[in-house]
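Structural features, examined
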Amino acid sequence: MAYVALYRRYRPLTFADMVGQEHITKILKNQLKTGKVSHAYIFSGTRGTGKTTAAKVFARAINCLNPKDGEPCNECEACKSILEGNSTDVVEMDAASNNGVDNIRTIRQEVAYSTTGLKYKVYIIDEVHMLSAGAFNALLKTLEEPPANVVFILATTEEHKILPTILSRCIRFEFKKIGKPEIIERLKYVLGTLNVGYEEEALERIAYLADGGMRDALSILERCVNASSGDVTAAKVEEIVGTVPADLIESLVINILDNDVNSANKTVNKILEKGKDLRNINDAIIEEFLNILIGLSSEWPDTISDTVKEAAEGVSVARVNLIIKHLSKLDEDLRQSTNGSVLFKAKMLELATKVPVLDENMLLNKIQELEMKLEEVLRNPPAPTKSTRKQDEKAEDKKVEVKQESSVDNVEKEVKKEEKSVKLVQVKAGKKQLKELSKIMQRASDEDNLKVFSALAGTEAFIEDDTVTFSTKNGFAYGVLNKDTSKDYLKTLVEDEIERDVNIRIEYITEDSKDEKSFEQMMQGTDVPFQVID
Ligand SMILES: [Zn+2]
């Protein structure tokens with residue numbers, strides 16, 4: 001017998017067999033019972049939640065000669081021809097590989113003809129968001145004047161990429177992630193029919209890794225069953241999909257907390273050598289940081305080791321929050337990337353750089369806070385006593401970088417009028433923010449220059465006469481951007497965008513000085529990260 005993947009072999013044949021989507025199957029069954037079916041449906045939801053399965057059950061149910069309570073019988077001539085893939089009236093198309101306007105035109109021509117034996121023609125278009133713009137328009141025309149006996153089922157993992165004009169012509173169903181208990185129950189059922197034993201913990205782990213997708217859960221289970229005979233144990237699951245040993249994850253977390261770029265680099269290399277799934281590893285790192293966040297805010301969870309606790313001492317909640325934010329974004333990027341290890345390494349080393357990662361919102365909040373304080377001072381000018389002089393000195397020490405020049409200019413004038421000693425640094429006449437920065441980042445991303453792209457995130461750019469200055473507080477970003485190849489690359493991008501010749505300058509701002517050499521000095525003699533990810 002030909003080998004059939006578990007998720008195909010155990011694909012539900014009726015709505016009743018489907019797990020976790022009762023809110024959808026109930027409505028579909030009702031429509032089928034009453035004969036009030038729509039011409040077009042959108043099934044959206046993450047992968048492996050049953051969209052295609054539901055579409056196939058629907059295609060049979062609507063054509064079944066002996067439907068029962070909105071369900072297909074799966075035995076009549078019509079059901080059988082569809083199940084065996086012999087009917088030309090039920091067409092499955094993957095828009096990822098057939099995204100052209102010609103494919104949709106073919107469908108448009110076909111729908112004009114009557115069916116070849118079944119009651120309805122059913123077109124199931126998978127990953128419909130992948131269609132080209134032209135194909136979408138052709139599809140729209142078909143949906144605008146649908147023949148009576150045709151039903152379209154458009155499945156997608158990314159509903160937001162579908163034109164509103166298409167969405168408005170369809171009945172939409174959102175497939176939920178399937179709950180852990182439902183997944184575990186199904187796994188137990190499958191293992192029962194295969195006559196294979198299991199550890200409860202192993203199934204828990206599979207359900208966790210599958211993240212709401214039944215297909216993923218069954219694929220992992222299948223790999224475990226095929227790998228060796230005997231029960232499915234937690235150790236076996238770990239061996240198959242596994243993340244890397246917990247002590248490596250812990251080391252990396254400590255390296256990041258310690259701002260130890262060198263050690264982080266070595267740990268990342270060890271992790272990459274294992275060749276395990278990077279998203280799983282990233283998950284484990286996120287979990288560790290979440291536990292640290294809990295520990296810093298209230299009580300330390302038991303799972304956190306003393307060495308990690310020690311490393312986390314004195315680390316701010318804001319920084320841990322930011323790290324988690326970066327790692328969550330990384331998860332998204334890894335999902336779409338074909339070169340995950342570069343992304344993974346770049347992000348880990350970025351997080352481990354000496355300079356705390358600042359994000360734009362934090363910076364803006366700080367500026368706003370300071371501006372409010374300034375206004376307060378200006379409204380109620382205190383008598384220049386010893387203590388206020390001290391405060392003024394402190395404000396000066398903060399070295400605020402100011403974005404909104406006009407309001408700053410006003411404040412500055414007023415400050416002068418009041419002859420206060422509060423000064424704002426780094427506001428130079430003629431120095432403007434480079435508006436084209438986001439376009440430049442987009443270009444770097446489109447051209448797959450991930451190094452420069454990731455270094456530009458959080459970097460600011462200013463233009464003054466013929467000089468464009470990229471200014472960063474992030475040592476890692478500075479290291480990447482300050483290389484000649486990067487500067488040449490940036491020069492080309494900037495000149496393309498603003499259509500004139502410029503010089504490129506890279507500026508590194510530390511909290512206590514603007515010394516551009518400090519980062520290089522800091523990195524001297526070390527295994528610097530920007531050598532590694534070349
Ligand atoms: Zn039937």
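Before any of the text, the structure's been laid out above.
Calculation notes
Residues numbered from 1 in each chain as written. Predicted model: local features only at pLDDT ≥ 70, side-chain atom pairs only at ≥ 80, totals over all residues. Helix = DSSP H or I, 4+ residues; strand = E, 2+ residues; numbered from the N terminus. Buried ≥ 20, exposed ≤ 12 C-beta atoms within 10 Å, placed from the backbone. Contact = placed C-beta atoms within 7 Å. Core = buried A, V, L, I, M, F, W, Y, C linked by C-beta atoms within 7 Å. Domains from an automatic or database assignment. Axes fitted to C-alpha atoms, helices over the stretch in contact; angles between N-to-C directions. Parallel < 35°, antiparallel > 145°, perpendicular 65-115°, else oblique. Left-handed = near helix turned anticlockwise from the far one by under 90°. Nonpolar A, V, L, I, M, F, W, Y, C, P; charged D, E, K, R; others polar. Pairing = 2+ DSSP bridges. Expected span 1.5 Å × (residues − 1). Arc of directions from axis to C-beta.

1. A word on the overall build of the chain
Counting secondary structure elements, the chain contains 26 helices and 9 strands. Buried residues in the chain amount to 33% of all 534 residues. Of all intrachain contacts in the chain linking residues separated by at least 6 positions in sequence, the fraction that spans at least 24 positions is 74%.

2. A closer look at unusual backbone geometry
Located in the positive-phi region is Glu127, a residue other than glycine, with phi close to 50 degrees. Looking at the element boundaries, Glu127 is found in the loop between strand 3 (121-126) and helix 6 (133-144). A positive phi is found at Asn259, a non-glycine position, where the angle reads about 55 degrees. Position of Asn259 among the secondary structure elements: in the loop between helix 12 (246-257) and helix 13 (261-273).

3. Thoughts on the nonpolar core
Among the nonpolar cores identified, the biggest contains 51 residues, and Leu252, Val253, Ile256, Ala264, Met348 and Leu481 are the most heavily contacted of them. Viewed by domain, this core spans two of them, domain 3 (247-351) and domain 5 (432-532), each represented by three or more residues. Setting aside residues no more than four positions away along its own chain, Leu481 makes contact with Val452, Ala455, Phe470, Thr472, Ser486 and Ile506. Counting residues in hydrophobic clusters, the runner-up holds 43 residues, among them Ile24, Val128, Ala155 and Ile162.

4. Notes on the packing of helix 9 (residues 200-210) against helix 10 (residues 214-227)
At a minimum axis distance of 8 Å, the contact between helix 9 and helix 10 shows a crossing angle of 135 degrees. Put simply, helix 9 runs oblique to helix 10. Here helix 9 and helix 10 pass one another in a crossing that is right-handed. Facing helix 9, whose interface residues are Ile206, Ala207, Leu209 and Ala210, helix 10 presents Asp216, Ala217, Ile220 and Leu221. Its residues assigned to classes, the contact of helix 9 with helix 10 shows 7 nonpolar, no polar and 1 charged.

5. Examining the pairing of strand 7 (residues 460-464)
When strand 6 (residues 432-433) meets strand 7, the two strands line up antiparallel, connected through 2 bridges. When the bridges of strand 7 are listed, Gln433 appears paired with Phe462. Note: strand 7 against strand 8 (residues 467-472), 5 bridges, orientation antiparallel. In the sheet register, Ile463 faces strand 8, and the bridge partner there is Val468. The turn linking strand 7 back onto strand 8 is made up of 2 residues, and Asp465 within it adopts a positive phi angle of 50 degrees.

6. With respect to the sheet that holds strand 3
Taken together, the 5 strands give an open sheet; going across it, the order is 2-3-4-1-5, and neighbouring strands pair in parallel fashion. Across the chains shown, the open sheet's two edge strands, defined by having one partner strand only, are strand 2 (90-94) and strand 5 (171-174). Shown here is a sheet whose adjacent strand axes are inclined to one another by a mean of 15 degrees, direction ignored. In this sheet, strand 5 lies alongside strand 1 (residues 40-44) in parallel orientation, the contact comprising 4 bridges. Paired with Tyr41 across the strands is Ile171, a residue of strand 5.

7. Overview of helix 6
Compared with the 16 Å implied by 1.5 Å per residue over 12 residues, the 16 Å span of helix 6 between its first and last C-alpha is a close match. Those residues of helix 6 not exposed but buried are Ala135, Phe136, Ala138, Leu139 and Thr142. On an axial view of helix 6, the arc spanned by its buried residues comes to 165 degrees, and they lie on one face. Exposed residues lying more than 90 degrees from the buried face of helix 6 are Ala133, Lys141 and Glu144. Each element contacted by the buried residues of helix 6 is listed here: helix 5 (101-112) and helix 7 (164-167).

8. Structural notes on the sheet that holds strand 6
The 4 strands are arranged 6-7-8-9 in an open sheet whose pairing can be described as mixed. The sheet is open, and its two edges are formed by strand 6 and strand 9 (503-508), each paired on a single side. Lying over the sheet, helix 24 (residues 484-498) contacts strand 8 and strand 9, oriented at roughly 125 degrees with respect to strand 9.

9. Observations regarding the environment of Cys73
Note that Cys73 resides in the loop between helix 3 (51-63) and helix 4 (77-83). Classification of Cys73 by C-beta neighbours within 10 Å gives partly exposed; the count is 16. Separated by 13 residues in the primary sequence, Cys73 and Arg60 place their C-alpha atoms 8.4 Å from one another. Those residues in contact with Cys73 that sit more than four places away from it in its chain are Cys64, Asn66, Pro67, Lys68 and Cys79.

10. Considerations on the environment of Asp331
Assignment of secondary structure puts Asp331 in helix 16 (residues 317-336). Asp331 sits in the partly exposed class, given 13 other C-beta atoms within 10 Å. Counting along the chain gives 13 residues from Asp331 to Phe344, while the straight-line C-alpha distance between them is 9.2 Å. When near neighbours in sequence (up to four residues on either side) are disregarded, Asp331 contacts Arg279 and Asn282.

11. Let's talk about helix 5
If you check helix 5, its first and last C-alpha atoms are 17 Å apart, about what 12 residues at 1.5 Å a residue would give, namely 16 Å. Taken as a whole, helix 5 has its buried residues at Asn103, Ile104 and Ile107. In an axial view of helix 5, the angular spread of the buried residues amounts to 95 degrees, which keeps them on one side of the axis. Exposed and facing more than 90 degrees away from the buried side of helix 5 are Asp102, Gln109 and Ala112. Structurally, helix 5 contributes buried residues whose contacts are with strand 2, strand 3 and helix 6.

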